[in-house]
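Single-letter residue listing:
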Amino acid sequence: MRETAPGATPRHVAIIMDGNGRWATKRHLPRVAGHRQGVETVRVIVRAAGELGIEYLTLYGFSSENWKRPAEEVSDLMGLLRLFIRRDLAELHQNGVQVRVIGDRDHLEADIVALIDEAEALTRDNRRLKLMIAFNYGGQSEITSAVRRIAREVQAGNLDPDAITPATVSAHLDTAGVPDPDLIIRTSGEMRLSNFLLWQSAYSELVFADALWPDFTPEGLRSAVDEYGRRNRRFGAAGPDDTTCGEG
């Protein structure tokens, strides 16, 4: 990792899209109305990210813990993913967006998996913006699965345990081949990662926006990117005035 000078544009922005339910509740609407409005915000923010020159955009769409929500809400969320892919895939492809979905697909319905496969295959060669959607995703589960894959390689005699490095772990994660997020944004004023990109966020800059996700705008994205640009990322290296340990 290298030091990043202030003013730089983040290559990879990841967003925890929080606040759909509260947005709906404030308006005395069912929670699904908030999720539907949240999808509209996704469309706007994907376009804005491309215009800002961001190379990678990762959106936390559905966590592995979200299955605990009421069955009707989970069904609505699955339907919105179907709708997003069916309605927006052609436009994303036309605009040079590469789509990749990370997370566990084993418990998803077959038609959703087929739609994901179609989206990834169609847009594989696009380069303008790489859009990753974390769906049925959890950071702890991702790391656990990576450890299992590494253990199988060791068991098979294909990998020396002493040769395992952080790069080895990264290469076995769902995000293999993608740079770690420079900037993670969470909307709705909550200040936690909620099991999102736990390994990859080791040196990410964090910005917490007060806006609920359906109210998040391109101006809000620009503000977060500008805040990132005011920070000096040293990845643990000491600055000229640092006298203490740690990030400093």
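The coordinates are above.
Reading guide: rules and limits
Residues numbered from 1 in each chain as written. Predicted model: local features only at pLDDT ≥ 70, side-chain atom pairs only at ≥ 80, totals over all residues. Heavy atoms only, no water. Helix = DSSP H or I, 4+ residues; strand = E, 2+ residues; numbered from the N terminus. Expected span 1.5 Å × (residues − 1). Contact = heavy atoms within 4.5 Å. Buried < 20%, exposed > 50% of the residue type's maximum accessible area, 1.4 Å probe, protein only. Pairing = 2+ DSSP bridges. Axes fitted to C-alpha atoms, helices over the stretch in contact; angles between N-to-C directions. Lys, Arg positive; Asp, Glu negative; His and termini not counted. Salt bridge = Lys/Arg side-chain N within 4 Å of Asp/Glu carboxyl O. Phe/Tyr/Trp six-rings, centres within 6.5 Å; stacked < 30°, edge-to-face > 60°. Lys NZ or Arg CZ within 6 Å of the ring centre and 35° of its normal.

Chemist: So what exactly am I meant to see when it comes to helix H4 (residues 110-123) here?
Modeler: The first and last C-alpha atoms of H4 sit 20 Å apart over 14 residues, in line with the 20 Å expected at 1.5 Å per residue. Elements in contact with the buried residues of H4: helix H3 (71-94) and strand S3 (97-102).

Chemist: Honestly, helix H2 (residues 31-51) in this entry has me stumped. Any pointers?
Modeler: An α-helical turn contains 3.6 residues, so a residue and the one three or four places further along point in the same direction. Along its 21 residues, H2 runs 31 Å from first to last C-alpha, staying within 8% of the 30 Å computed at 1.5 Å per residue. Immediately beyond the C-terminal end of H2, within one or two residues, lies Gly 53, with a positive phi of roughly 85°.

Chemist: How do you make sense of unusual backbone geometry when you look at a structure like this?
Modeler: Trans is the prevailing form of peptide bonds, just as negative phi is the prevailing case for residues other than glycine. Of note in the backbone geometry, His 28 takes a positive phi value of approximately 60° without being a glycine. Relative to the elements of secondary structure, His 28 occurs in the loop between helix H1 (20-26) and H2. By relative accessible area, His 28 is classed as exposed at 74%. For Asn 195, which is not a glycine, the phi torsion comes out positive at approximately 65°.

Chemist: Looking at this structure, I do not really get the sheet that holds strand S6 (residues 205-208). What am I missing?
Modeler: Sheet strands line up and pair through hydrogen bonds in the backbone, either parallel or antiparallel. Strand order in this open sheet of six strands is S3-S4-S2-S1-S5-S6, and the pairing throughout is parallel. Only two strands of the sheet have a single neighbouring strand rather than two, namely S3 and S6. Shown here is a sheet whose adjacent strand axes are inclined to one another by a mean of 20°, direction ignored. Each of strand S2 (56-63), S3 and strand S4 (129-137) touches H3; the most contacted strand, S4, lies at about 165° to it.

Chemist: Explain the pairing of strand S1 (residues 12-16) here, please?
Modeler: If a strand is regular, its side chains alternate between the two faces of the sheet. Of all five residues that make up S1, five are buried, and the element is covered over most of its length. On S1, burial covers both faces: His 12, Ala 14 and Ile 16 on one face and Val 13 and Ile 15 on the other are all buried. As judged from the five bridges shared by S1 and S2, these two strands associate in the parallel manner. Looking at the pairing, Ala 14 lines up with Thr 58 of S2. Across four bridges, the pairing between S1 and strand S5 (residues 183-186) is parallel. Within S5, the position partnered with Val 13 by the bridge is Leu 183.

Chemist: Even after reading the chapter, I still don't get the side chain of Lys 130, so can you show me in this structure?
Modeler: Topologically, Lys 130 is positioned in strand S4. There is no salt bridge for the buried Lys 130, and the closest opposite charge comes from Glu 55, which lies 5.2 Å off by N-O distance. Ignoring anything within four residues of it in the chain, the contact list for Lys 130 reads Glu 55, Tyr 56, Leu 57 and Gln 98.

Chemist: Mind showing me how you'd approach the pattern of salt bridges here?
Modeler: Side chains that differ in charge, positive against negative, can pair when their charged atoms come close. Using the criterion set out here, one finds 24 salt bridges in the structure. A salt bridge links Asp 18 to Arg 186, with the shortest nitrogen-to-oxygen separation between them at 3.0 Å. Taken as a pair, Asp 18 in the loop between S1 and H1 and Arg 186 in strand S5 lie far apart in primary sequence, 168 residues in all. With a relative accessible area of 5%, Arg 186 lands in the buried category.

Chemist: When you look at the packing of aromatic side chains in this model, what are you seeing that I'm missing?
Modeler: Ring pairs (aromatic) are described by centroid distance and by the angle formed between their planes. As enumerated under the stated definition, the model contains six aromatic pairs in all. On the numbers, 6.3 Å between centres and 85° between planes, the contact of Tyr 137 with Phe 196 is edge-to-face. Within this pair, whereas Tyr 137 is found in strand S4, its partner Phe 196 is found in the loop between S5 and S6, the two being separated by 59 residues in sequence. Residue Tyr 137 shares its accessibility class with Phe 196, and that shared class is buried. By the ring-pair criterion, three or more aromatic residues cluster together here, those being Tyr 60, Tyr 137 and Phe 196. Taking NZ or CZ as reference, Lys 130 lies 5.5 Å from the ring centre of Tyr 56, over its face.

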